[in-house]
Amino acid sequence: MTASPAIVILGPSALATGRLIQALYPQAVIHGLSGRVEADQAYDDFGDTLRSLYRSDTPIIALCAAGIVIRSLAPLLANKGAEPPVLAVAEDGSAVVPLLGGLGGVNRMAREIAAELQVSAAITTSGELRFGTCLLDPPNGYVLADIEQGKHFVSDLLGGESLRVDGDAPWLEQGKLPMAEDAGRTLHITTAQRTTRPDELLIHPRTLLALVEDADNLAARIGQTFEQAGLAQKSLAALLAPQTLMSDKQLAQVAADLAVPLRFIGADDALPPQVKHSGNLQLLQAASPDAAQTIGRPRGRLSVIGLGPGAAEHMTPAVRRALDEAQDLLGYETYVRMAEPLRDDQVRHCSDNREELQRARHAFELAASGRRVVVISSGDPGVFAMAAAVLEALEETAAPAEWHAVKLQVLPGVSAALATAAKAGAPLGHDFCLISLSDNLKPWAVIENRLDHAGAADLAMAFYNPISKARPWQLGRALDIVRTHRTPDTVVVLGRDIGRPAEALRVLSLGELTPEMVDMRTLVIIGSSQTRRFPRGDGDEWVYTPRSYPQP
Ligand code: SAH
């Protein structure tokens, strides 16, 4: 999966065009120069930003002069490393100029963007202009055998040679290629391994499947089998294995090393014809690259993720990737909305009910059918959130075996206590505890007991779920217990909607604190006896708990 593009803008005048392009690539992030324009993400230095995007192989759509882009990337161009598509687009949308990344599909992107902006793309690649297609950038499911040889081939065609196609190249039918029966140049579309002659271009369709029964020494065995069969390993479309191997780590590693999908077949799956058999490994021939990707099904994946407190910049890249790759998303509607941008093809299973276990089971059912599923929590998924519910559902004796074969992962996020603490300074800089004041899933007496012990132990405390309409009196009772251990001048921090547009932070004393100041969107931090506060330059206050504790 290639990275989503980055749209980079310098000022507000480019924002409208940026959003139009974003509509075309919903996962694209708009990077705006800080202080000049409010975009999805702020940056400070244009050149550094462009270079780091380039190095991480991110397609770049820069809404500014082509010259600025060229000058910024120039130092990186000498050594051929990653070369993502790079385009300059006039900020008013009147021109689209593909600059770099010819083999990464830059011209295709330029055409898409130009169509969206209703202008024509400034395509300058001769072969593509003349032939209406880039022979060296075949569509998904096809791979070029040798790029260097390919370049010569295209320049020969530009020099007047004609071409004959041997094999099946459906995407070339619309092109303006110089076809002739008795052509001097031949394009072979074949799974066969052959040494290419200068008058040939070789493209391998990914139509071969390796059906395996175990993972021992598999990479080497696949290599040998292809060689014995005279077939090109670049034509390998996927590994197929029986469902019993779904959790096999070695097999997953081999597929990852070979950069091919791993799919699993059941007893009654129809398989394409065999072209080679060697020991317990078979090569099967699918009818087309598309057909090759429909045999069997992938191992389903269930990612339990934490969005962080709210702002996109506090979401980890791993979580963003899991969201981008998801086919199904489950969670409270508010959280699913916070996970945007999402694509239309991603299914949202929003629920407002409190049936966490039910949601966890639903997630496993989807994942066990081979889908990529994400269960969304705010903050961290392991802190008073869905990760524990998901594991509880899995440990149930009634959980079907297929659920255990799902690739389950928990991806951490920034929890509300940490986000609130960071805003205030470092109130959790010494030992602390996290307590949910909700007695929905535990007896109130247990909460009282824990508050009493945490108070006696002089731990700083962060209260989650401090109060709600259904639980109106509990916070007052909790504060009564805390006050038996702490003086009225104990420092308190209230964080409400931290990381969200309505964010509010308040520093006060335990003596001043009343339950009316708190609602269910608030995180309450009660300092220890050592927690301190002092004025900031801007009139607010810093709060911290020193790292060292006084000797008795
Ligand atoms: N998994 C979440 C917590 C879920 S419990 C996390 O790790 O943050 C829900 C409680 O978390 C709320 O009642 C509130 O006390 C707190 N909370 C969650 N997000 C918050 C935010 N952005 N600002 C302040 N408190 C928040």
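As the structure is a computational prediction, the values presented were derived from the model and not from experiment.

1. Structural notes on the site of the ligand
Phase 1: The full set close to the ligand counts 20 residues, and V383, S415, A416, M520 and T522 are the nearest of them.
Phase 2: Between the ligand and the protein, one listed contact pairs an oxygen atom with a side-chain N or O atom of S415 at 2.6 Å.
Phase 3: Contacts to the ligand include M520, whose backbone N or O atom sits 2.6 Å from an oxygen atom.
Phase 4: Protein contacts shield 93% of the accessible area of the ligand, which totals 540 Å² for the unbound molecule.
Phase 5: Put simply, the ligand lies in the second largest pocket.

2. Points about the environment of L201
Phase 1: Mapped onto the elements of the fold, L201 is located in strand β10 (residues 200-205).
Phase 2: Among the residues examined, L201 registers a relative accessible area of 0% and is labelled buried.
Phase 3: In this structure, L201 is in contact with L135, L144, Q149, G150, F153, T186, L187 and H188, ignoring residues within four places of it in sequence.

3. Thoughts on the sheet that holds strand β19 (residues 347-350)
Phase 1: Strand order in the open sheet formed by five strands is β19-β18-β20-β17-β21, with parallel pairing between adjacent strands. Two strands lie at the open edges of the sheet, namely β19 and β21 (407-411), each paired on one side alone. Between one strand axis and the next, the sheet turns through 15 degrees on average, direction left out of account.
Phase 2: Across the sheet, helix α10 (residues 317-325) touches β17 (301-306), β18 (328-331), β20 (372-377) and β21, and the angle it forms with β17 is around 135 degrees.

4. Structural notes on helix α7 (residues 218-229)
Phase 1: Spanning twelve residues, α7 covers 16 Å between terminal C-alpha atoms, matching the ideal 16 Å at 1.5 Å per step.
Phase 2: By the burial criterion, the buried members of α7 are L218, R221, I222, T225 and F226. An end-on view of α7 places all buried positions within 135 degrees of arc, on one side of the element. Facing away from the buried side of α7 by over 90 degrees, the exposed positions are E227 and Q228.
Phase 3: In the core, the buried residues of α7 are packed alongside β11 (208-212), β12 (236-242), α8 (249-258), β14 (274-278) and β15 (281-285).
Phase 4: One or two positions beyond α7, positive phi appears at G230, with a value near 70 degrees.

5. Let's talk about the domain arrangement of the protein chain
Phase 1: When its domains are assigned, the protein chain resolves into domain 1 (6-124), domain 2 (142-205), domain 3 (208-292), domain 4 (301-414) and domain 5 (417-544).
Phase 2: With centres defined by C-alpha atoms, the gap from domain 1 to domain 5 works out at 45 Å.

6. Some points on the layout of surface pockets
Phase 1: Looking at the second largest pocket, its volume works out to about 1800 Å³.
Phase 2: Forming the walls of the second largest pocket are 48 residues, and the residues nearest its centre are Y332, Y335, R354, F384 and N465.
Phase 3: Elements that contribute at least two residues to the lining of the second largest pocket include exactly α11 (333-338), α12 (356-368), β20, α13 (386-395), α15 (416-424), β25 (491-496) and β27 (522-526).
Phase 4: A total of four residues in the lining of the second largest pocket trace back to one element, the largest contributor, which is α13.
Phase 5: Looking at side-chain class alone, the lining of the second largest pocket contains 21 nonpolar, 14 polar and 13 charged residues.

Criteria and cut-off values
Residues numbered from 1 in each chain as written. Predicted model: local features only at pLDDT ≥ 70, side-chain atom pairs only at ≥ 80, totals over all residues. Heavy atoms only, no water. Near = heavy atom within 4 Å. Polar contact = N/O pair within 3.5 Å; in protein donor to acceptor, adjacent residues only side chain to side chain. Areas by Shrake-Rupley, 256 points an atom, 1.4 Å probe, with all protein chains shown as cover. 1 Å grid on protein atoms, 1.4 Å probe; cavity = no way out; pocket = protein on both sides within 12 Å on 5 of 7 lines; lining within 4 Å. Sits in = over half its atoms within 2 Å of the grid points. Helix = DSSP H or I, 4+ residues; strand = E, 2+ residues; numbered from the N terminus. Buried < 20%, exposed > 50% of the residue type's maximum accessible area, 1.4 Å probe, protein only. Contact = heavy atoms within 4.5 Å. Pairing = 2+ DSSP bridges. Axes fitted to C-alpha atoms, helices over the stretch in contact; angles between N-to-C directions. Expected span 1.5 Å × (residues − 1). Arc of directions from axis to C-beta. Domains from an automatic or database assignment. Points joined across faces, edges and corners; volume = space filled by probe spheres on them. Nonpolar A, V, L, I, M, F, W, Y, C, P; charged D, E, K, R; others polar.

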